[in-house]
Amino acid sequence: MHLGYFPVLLAAAFFAVPGGVIAGLVTGLAFGPIMPLDVSAELSQPTMSWIARTGFFVGIGTLAGLLVGVLKAEIQRLRDSVLLDPITGLPNRAAFMRDTADQSGRCLVVHVEGYNDTIVTFGPEIADESQRAVVSRLQSVLPDDLALYHLRSFRFGLWLPNASRSQAEKIGEVILQVMDQPLEVSGISLPINTTYGISETTEESAFFPYQAATAAVETALQQQRTSAVFEEKDINQRREAVTLLGDLKEELSGAGKGLSLHFQPKVDLAGGEIRGAEALLRWRHHERGPLSPGVFMPMVEKTTLMAGLTRWVVSEALKCASDPSLPEDFVVSINVSVRDLEDPAFPEFVRSALEESRVVGARLELEVTETAFVEDFKILFSALNELRELGITIAVDDFGTGHASLEHLRHLPVDVLKIDRTFISALPAAVDTEIVKSTILLARAIGLEVVAEGVEDPEVGFQLGQWGCHYAQGYAYARPMPLEKLKESLTEEACAE
């Protein structure tokens, strides 16, 4: 009789309660009136006995079916939870990848900026509410048959299987319009910026739609645009950049044989002498040859490699500055980033590097871009003061490209102002002439030395000197050159005197 449990439990496992009940009835009848109590005596089983046994089998089948149903429901719930975002309840990236696998179509990825600021300022609860508010706003303008996926934090995706590029862009523009206003969450107004990217893949493309649309979003963010359509060259460039970062890391961890510094002289406009030079990084890649900093520096600045690279440049520049053939008052300028100055250990590193190279601080100038003073000057104030205490000169680089005013700079620990080349190259246009003249006049009035970048015409350099500009750099005087070539130029200059 115990063998009867197996078909009952098996039926319950496959068909839940109905299967367990039916199998219990069949098994009970099989062991009841159908099967006699004694075959030789032709004695049938008592009615109440087989009815009770049948009821027992039915009960076992029902209970097993119920347990199987609960188990299947829990398994399904767990499967669904893996494919759903716990905050918004939307299908997540895993669901998106499952639903779009081996399908042709377009992907539209929406990126909403502001999540990190929200979570830092107001906490995770408000950040979660903000995500739900974004979902509500997006769903209010999307067709009911268009599924919205929550890819991660404030990034969402749409799958458009039959949409043309213009149709996808139209949906993107509708999203930009509805997301134009700040989010209102728990009485808090949260400003947001929205960007979208669209995949534009072909059958021959090696990139699937989600990857393509994500690359388009990153391109739009990098170029400060509201939208972009995927181009394979963009992601190929990113892959190249990542490869270069790996190669650069190897350079820094080794002897750095492929890295070098070239120096662009800084000329005194009053007398024409070379008074210093800006150290510019050069990299001769082992496979690609000479690389411009513009190829790899934008990526480096976003990584922890920036600290190591800056330290290499500082050490190498001070090593060059310690060359006894250079004038004792020769100043070497180095570009540093906000990331460098935010590092609490950076001033101490510079102090140690000065001591090791036996170069006085007055022979080192650190250039910081104007935008750094606008965005992070409170954080940088302490670091810049520490560096100035070492005798180092602080210069504001690329002045005119940001939003800092001379009144703003008057209260900051800076000594030199470098006018951006975009204004210098436009001279002698009337508007730019007035801008440059007034900048020089006001900078001198608050005690700053002035350097003009990108001077390509000696006549422009002469005019800048007449307006009171102290120094100039540019092809009109010299291109960036190795240290040995710089020393030759200084020797020739000394001989000419």
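Residues numbered from 1 in each chain as written. Predicted model: local features only at pLDDT ≥ 70, side-chain atom pairs only at ≥ 80, totals over all residues. Heavy atoms only, no water.

> Could you give me a rundown of the overall build of the chain, with the residues and numbers involved?
Counting its secondary structure elements, the chain contains 18 helices and 16 strands. Within the chain, contacts between residues at least 6 apart in sequence are counted, and of these 66% link residues at least 24 apart. Looking at the chain as shown, the accessible area adds up to about 26200 Å², and 56% of this sits on carbon and sulfur atoms. (Helix = DSSP H or I, 4+ residues; strand = E, 2+ residues; numbered from the N terminus. Contact = heavy atoms within 4.5 Å. Areas by Shrake-Rupley, 256 points an atom, 1.4 Å probe, with all protein chains shown as cover.)

> Just give me the short version of the pattern of salt bridges, but keep the residues and values in it.
By the definition in use, this model includes 15 salt bridges. In this structure, Glu218 and Arg155 form a salt bridge, with 3.1 Å as the shortest nitrogen-oxygen distance. Here Arg155 lies in strand β3 (residues 155-160) and Glu218 lies in helix α7 (residues 209-222), a separation of 63 residues in the sequence. Judged by relative accessible area, Arg155 falls into the buried class, the value being 2%. Note that Asp343 and Arg311 form a salt bridge whose closest N and O atoms lie 3.0 Å from each other. Placement of the pair is Asp343 in the loop between α11 (338-341) and α12 (346-357) and Arg311 in helix α10 (residues 305-321), with a sequence separation of 32 residues. (Salt bridge = Lys/Arg side-chain N within 4 Å of Asp/Glu carboxyl O. Buried < 20%, exposed > 50% of the residue type's maximum accessible area, 1.4 Å probe, protein only.)

> Residues and numbers for the environment of Met299, please.
Along the chain, Met299 turns up in helix α9 (residues 293-300). Considering only alpha carbons, one finds Met299 and Ala241, 58 residues apart in sequence, at a separation of 6.9 Å. Discounting chain neighbours no more than four positions away, the residues touching Met299 are Ala241, Val242 and Leu245.

> Please give an account of the sheet that holds β3 that cites residues and values.
Within the open sheet, the 5 strands sit side by side as β2-β3-β1-β6-β7. Their pairing is mixed. In the strand order of this sheet, the two ends are held by β2 (148-152) and β7 (227-229), each with one partner. For this sheet, the mean inter-axis angle between neighbouring strands, taken without regard to orientation, is 20 degrees. When strand β6 (residues 193-198) meets β7, the two strands line up parallel, connected through 3 bridges. In the sheet register, Tyr196 faces β7, and the bridge partner there is Ser227. (Pairing = 2+ DSSP bridges. Axes fitted to C-alpha atoms, helices over the stretch in contact; angles between N-to-C directions.)

> Could you give me a rundown of the packing of aromatic side chains, with the residues and numbers involved?
Under the criterion given, the structure shown has 4 aromatic pairs. Seen in terms of ring centroids, Trp283 and Phe296 are 5.1 Å apart; in terms of plane orientation they differ by 90 degrees. Their pairing is edge-to-face. Taken together, the residues span a long stretch of sequence, with Trp283 in strand β9 (residues 274-285) and Phe296 in helix α9 at a distance of 13 residues. With a relative accessible area of 2%, Trp283 lands in the buried category. Over the face of the ring belonging to Tyr475 we find Arg479, whose NZ or CZ atom lies 3.9 Å from the ring centre. (Phe/Tyr/Trp six-rings, centres within 6.5 Å; stacked < 30°, edge-to-face > 60°. Lys NZ or Arg CZ within 6 Å of the ring centre and 35° of its normal.)

> So what's going on with the layout of surface pockets? Which residues, and what values?
Here the largest pocket is characterised by a volume of approximately 1400 Å³. What lines the largest pocket is a set of 41 residues, among which Met297, Glu301, Asn335, Thr369 and Asp398 lie closest to the centre. At the level of secondary structure, the elements contributing two or more residues to the lining of the largest pocket comprise α7, β9, α9, α10, β11 (331-335), α11, α13 (370-389) and β13 (393-399). For the lining of the largest pocket, the element with the highest residue contribution is β9, accounting for 5 residues. Looking at the lining of the largest pocket residue by residue, the class counts come to 16 nonpolar, 12 polar and 13 charged. Each pocket or cavity is described by its volume, and for the second largest pocket that value is around 530 Å³. (1 Å grid on protein atoms, 1.4 Å probe; cavity = no way out; pocket = protein on both sides within 12 Å on 5 of 7 lines; lining within 4 Å. Points joined across faces, edges and corners; volume = space filled by probe spheres on them. Nonpolar A, V, L, I, M, F, W, Y, C, P; charged D, E, K, R; others polar.)

> So what's going on with the environment of Glu113? Which residues, and what values?
With respect to the helices and strands, Glu113 occurs in strand β1 (residues 106-113). The exposure class of Glu113 is partly exposed, given its relative accessible area of 35%. Along the backbone, Glu113 and Arg155 are 42 residues apart, and their C-alpha atoms lie at a distance of 8.8 Å. Ignoring any residue separated from it by four or fewer positions in sequence, one finds Glu113 in contact with Pro191, Ile192, Asn193 and Leu221.

> Which residues make up unusual backbone geometry, and what values go with them?
You will see that Ser153, though not glycine, has its phi angle at about 30 degrees, which is positive. Its place among the elements puts Ser153 in the loop between β2 and β3. Look at Ser153 and you get partly exposed, because its relative accessible area is 26%. Phi angles above zero are rare outside glycine, and Asp398 is one such case at about 60 degrees. When you line up the elements, Asp398 lands in strand β13.

> How would you summarise α12 if you had to cite specific residues and measurements?
If you check α12, its first and last C-alpha atoms are 16 Å apart, about what 12 residues at 1.5 Å a residue would give, namely 16 Å. Regarding α12, the residues found buried are Phe346, Pro347, Val350, Ala353, Leu354 and Ser357. One face of α12 carries all of its buried residues, which in axial projection span an arc of 120 degrees. In α12, the exposed positions that point more than 90 degrees away from the buried face belong to Glu355 and Glu356. Among the residues trailing α12, Arg358 stands out with phi positive, at a value near 60 degrees. (Expected span 1.5 Å × (residues − 1). Arc of directions from axis to C-beta.)

> Which residues make up the nonpolar core, and what are the values?
Most often, soluble globular proteins keep nonpolar side chains buried together rather than apart. One finds Phe263, Leu281, Val300, Leu366, Ile424 and Leu464 to be the most contacted residues of the largest nonpolar core, which totals 72 residues. Among the elements that line this core, the one with the most residues is α10, at 10 residues. Dropping the residues within four chain positions of it, Phe263 is found in contact with Ala277, Glu278, Ala279, Cys320, Val332, Arg479, Pro480, Met481, Pro482, Leu483 and Leu486. (Core = buried A, V, L, I, M, F, W, Y, C linked by side-chain atoms within 4.5 Å.)

> If you had to explain helix α6 (residues 165-178) to someone new, which residues and values would you point to?
The terminal C-alpha atoms of α6 lie 20 Å apart, and with 14 residues this matches the ideal 20 Å at 1.5 Å per residue to within 8%. Of all the positions in α6, only Ala168, Gly172, Ile175, Leu176 and Val178 are classed as buried. Looking at the buried residues of α6, the elements they touch are β1, α5 (124-139), β3 and β6.

> So, the side chain of Lys487: which residues are in play, and what are the values?
Mapped onto the elements, Lys487 comes out in helix α18 (residues 483-496). Separated by 3.1 Å, the side chains of Lys487 and Glu484 make a polar contact. (Polar contact = N/O pair within 3.5 Å; in protein donor to acceptor, adjacent residues only side chain to side chain.)

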